[in-house]
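The chain contents come next:
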Amino acid sequence: MRKIRLGVGQRISLGYAIALGIAVSGTVAGFRIGHTYHQLADEREAFIRDEVELLHRLQTGILQARTHQQQLIPLMENRKEYQHEYAHLLHHKREIEHFSRELKTFIAKESNFLGEVHSREIPKFLQTYNNVPSLYFQELDRRMQQIQSLNLALPKDIEQAQKILLEFTNSQLALKYDGISDDLVSIIEDCYKEANKAEELSEESSSIAQKFVIGSILLSVTISIFLAILTSRAIAHPIQTLTSVARRSTQESNFELQVPIERDDEIGILAQSFNQLIASVKQLLHQEQVTNEQLEQKVEQRTEELKEKNLHLQNVLEELQRTQLQIVQSEKMSALGQMVAGVAHEINNPVNFIHGNLTHVQEYTQNLLDFVQLYQQYCPEAIPEILDEAEAIDLEFMQQDLPKMLDSMKVGTNRIRQIVLSLRNFSRTDEAEFKTVDIHEGIDSTLLILQHRLKQQAERSAISVIKDYGNLPWVECYPGQLNQVLMNILANAIDALEESKIPNPQINIRTDKIDSNWVQIAIADNGPGIPEAIQKQIFHPFFTTKAVGKGTGIGMSISYEIVTQKHGGRLECLSTPGKGAEFMIQIPIIQNR
Ligand SMILES: Nc1ncnc2c1ncn2[C@@H]1O[C@H](COP(=O)(O)OP(=O)(O)O)[C@@H](O)[C@H]1O
Ligand SMILES: [Mg+2]
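First, a word on what this report is: a plain description of the structure on this page. Model, not experiment: these values are computed from the prediction.

1. Section: the overall build of the protein
1) Next: Assigned secondary structure in the protein consists of 14 helices and seven strands.
2) Next: The globule rule puts the C-alpha radius of gyration for 593 residues at 25 Å, and the 83 Å found for the protein is more than 25% above it.
3) Next: For the protein, the C-alpha atoms occupy an extent of roughly 270 × 55 × 40 Å along the three principal directions.
4) Next: Scored against the burial criterion, the 593 residues of the protein give a buried share of 36%.
5) Next: When contacts within the protein are restricted to residue pairs at least 6 apart in sequence, those whose partners lie at least 24 apart make up 75%.

This is the structure in structure tokens:
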């Protein structure tokens with residue numbers, strides 16, 4: 001058989017329906033029972049009362065007849081009253097007959113609540129005295145006929161009649177007749193008792209009904225309480241479990257917890273839903289965590305990207321600054337170059353003119369001097385005025401010194417021509433294309449430009465430049481820019497040496513061919529050197545340790561840019577603080593394009 005599963009709500013409803021049903025049906029039953037009992041008792045009481053009335057009437061008839069019969073004796077002498085009394089007696093006789101019949105009919109009535117009196121005493125009474133009244137009246141009738149035959153005008157006959165009646169009054173029959181009313185008294189008394197009992201029963205019935213009602217209400221209340229306890233247990237226990245799990249899961253943030261499912265009613269469904277809810281929360285939390293992680297990753301990634309962008313921007317900015325500086329410096333350099341080139345060009349022609357003519361001047365002077373000597377040889381006695389003049393101009397000294405002077409002038413113009421050449425060499429800034437040049441020429445011309453700074457000065461001795469040139473091939477480069485690098489490095493070395501004020505300042509310039517592809521120029525000074533912490537910074541734009549106005553911090557950064565970016569070379573700084581610094585330029589002999 002299939003077990004019928006009821007929900008909590010259905011169970012509660014059913015329970016309370018049962019309780020209420022008991023209360024209502026108990027009350028109805030109580031009232032109905034009470035009503036039935038009451039009706040029964042009332043009916044019985046009415047019945048008894050009817051019976052009693054009949055008995056009373058009968059008794060009254062019996063007693064009246066007996067009284068009238070006894071009254072006949074003294075009234076014997078008064079004829080009229082005697083007749084009247086007798087008539088009364090006859091009337092009661094009829095009454096007795098009538099009520100005897102009535103009583104018999106009444107007793108014959110069957111009733112479902114027959115009492116002891118009705119069912120036993122009255123039938124017994126009727127049986128006992130069945131023919132007693134008729135016998136009594138027959139005997140009385142007989143005696144009355146005897147009395148009629150007498151002459152009641154006569155005292156003897158009256159006496160006789162009185163004697164007849166008196167005998168009758170005291171006869172056995174009359175005594176038995178009197179027994180009727182005696183028995184009736186006790187029967188009526190019993191009837192009253194029964195009537196009282198019926199009344200009590202009626203009262204009792206209402207109390208029974210009341211008890212029934214109260215009992216059923218109590219029973220229903222008990223059932224209700226029991227049901228309430230059961231229901232509250234059935235609902236409260238699982239809900240308590242659920243609540244404690246819910247509280248624990250929120251307090252401990254433990255979403256692994258599950259509520260045990262022990263039933264398949266609403267509570268079971270609630271537990272199941274709660275478990276699902278917890279599972280959903282867990283899943284949501286997991287998702288949130290994953291999202292957070294992803295978000296964090298994204299943020300990190302973005303930050304990284306931003307950092308990169310920032311770095312890139314910084315690089316771009318640095319590049320920009322460098323380019324700007326480079327433009328500025330190359331602008332300066334180009335201005336300087338142009339100026340130098342212009343000056344060189346302007347000087348070149350007159351110097352060449354002087355130099356070219358100087359050979360002729362030498363020749364002419366020599367000729368003139370030879371001629372004077374010839375003249376002195378062949379005309380030794382000269383006129384006194386000429387001798388005086390010769391002495392005045394110190395002719396002898398002039399003859400010796402003039403060729404020397406012209407020689408040194410020639411040296412001077414040669415030097416000037418040399419300088420002009422160097423200047424023109426240095427000022428090759430405008431050359432934007434790679435040129436194959438002699439590096440040594442570049443170094444020399446740069447040194448020439450810086451010549452005035454190398455000389456001895458008030459506070460320091462002259463800086464000696466020691467060249468150690470290797471056998472270099474011609475190198476492909478931007479000569480102007482390379483000169484700019486050499487200039488920056490040499491200028492810094494001079495600055496450092498000036499600052500340190502050491503007694504024998506020196507600059508060593510060494511060139512080497514490293515291998516078939518690379519050449520190297522090393523420029524070292526014996527100045528104070530560069531502290532290690534600063535070494536990394538010197539190539540940064542605007543880094544300077546020099547006083548404002550003196551240092552700009554752009555020389556090294558531009559040199560680095562020119563060597564590494566423009567020539568694909570390397571520029572390094574090696575320095576032992578206190579022992580000087582060395583800058584190493586390495587560039588490829590042939591540029592890769
Ligand atoms: N030969 C050197 N000896 C010592 N310090 C040097 C030398 N060359 C460069 N430096 C250091 O490098 C710094 C940067 O040089 P540079 O870029 O040319 O800028 P600036 O000469 O205007 O200061 C200098 O301020 C100096 O401190
Ligand atoms: Mg500098």
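2. Considerations on the packing of aromatic side chains
1) Next: In the structure shown here, the tally under the stated rule is eight aromatic pairs.
2) Next: Ring plane angle 55 degrees and centroid distance 5.3 Å describe the contact between Phe125 and Tyr129, whose orientation is recorded as tilted. Of the two residues examined, Phe125 and Tyr129, each falls in the buried class.
3) Next: For the pair Tyr136 and Tyr177, a centre-to-centre distance of 3.8 Å together with 10 degrees between the ring planes defines the contact as stacked. With Tyr136 in helix 4 (residues 132-148) and Tyr177 in helix 6 (residues 172-251), this residue pair connects regions lying 41 residues apart in the sequence.
4) Next: Site record: aromatic cluster; members linked through ring pairs are Tyr136, Phe137, Phe168 and Tyr177.

3. What to know about the pairing of strand 4 (residues 506-513)
1) Next: The pairing of strand 2 (residues 464-468) with strand 4 spans five bridges and is classified as parallel. Across the sheet, Asp468 pairs through a bridge with Arg510, a residue of strand 4.
2) Next: As defined by bridge partners, strand 4 adjoins strand 5 (residues 518-525) across seven bridges and the pair is classed as antiparallel. When the bridges of strand 5 are listed, Asp512 appears paired with Gln520.

4. A look at the nonpolar core
1) Next: Counting 47 residues, the largest nonpolar core has Ile439, Ile489, Ile507, Ile523, Phe583, Ile585 and Ile587 as its most contacted members.
2) Next: The element best represented in this core is helix 12 (residues 479-500), accounting for nine residues.
3) Next: Those residues within four positions of Ile587 in sequence are excluded, and the remaining contacts are Ile439, Val475, Leu482, Asn517, Trp518, Val519, Val563, His567 and Gly569.
4) Next: By size, the runner-up hydrophobic cluster in this structure holds 45 residues, among which are Phe47, Val52, Ile62 and Ile73.

5. So, the sheet that holds strand 7 (residues 581-588)
The strands that make up a sheet pair up through hydrogen bonds in the backbone, lying either parallel or antiparallel.
1) Next: Reading across from one edge, 2-4-5-7-6 is the order of the five strands in this open sheet, with mixed pairing throughout. For this open sheet the edge positions go to strand 2 and strand 6 (570-575), each flanked by a neighbour on one side alone. The mean angle between the axes of side-by-side strands here comes to 15 degrees, regardless of whether they run parallel or antiparallel.
2) Next: In the sheet, strand 5 pairs with strand 7 via seven bridges, with the strands oriented antiparallel.

6. Here we look at the site of ligand 1
1) Next: By nearness alone, 19 residues border ligand 1, and Thr544, Thr545, Lys546, Thr552 and Met556 come closest of all.
2) Next: Within the contact set of ligand 1, an oxygen atom lies 2.6 Å away from a side-chain nitrogen or oxygen of Thr544.
3) Next: Of all the secondary structure elements, the ones that give two or more residues to the shell around ligand 1 are helix 12, helix 14 (555-566) and strand 7.
4) Next: The element contributing the most residues to the shell around ligand 1 is helix 12, with three residues.
5) Next: Among the residues forming the shell around ligand 1, the class breakdown is nine nonpolar, eight polar and two charged.

Each value, and the rule that gives it
Residues numbered from 1 in each chain as written. Chains lettered and ligands numbered in written order. Predicted model: local features only at pLDDT ≥ 70, side-chain atom pairs only at ≥ 80, totals over all residues. Heavy atoms only, no water. Helix = DSSP H or I, 4+ residues; strand = E, 2+ residues; numbered from the N terminus. Rg over C-alpha atoms; globule rule 2.2 N^0.38 Å. Buried < 20%, exposed > 50% of the residue type's maximum accessible area, 1.4 Å probe, protein only. Contact = heavy atoms within 4.5 Å. Phe/Tyr/Trp six-rings, centres within 6.5 Å; stacked < 30°, edge-to-face > 60°. Pairing = 2+ DSSP bridges. Core = buried A, V, L, I, M, F, W, Y, C linked by side-chain atoms within 4.5 Å. Axes fitted to C-alpha atoms, helices over the stretch in contact; angles between N-to-C directions. Near = heavy atom within 4 Å. Polar contact = N/O pair within 3.5 Å; in protein donor to acceptor, adjacent residues only side chain to side chain. Nonpolar A, V, L, I, M, F, W, Y, C, P; charged D, E, K, R; others polar.

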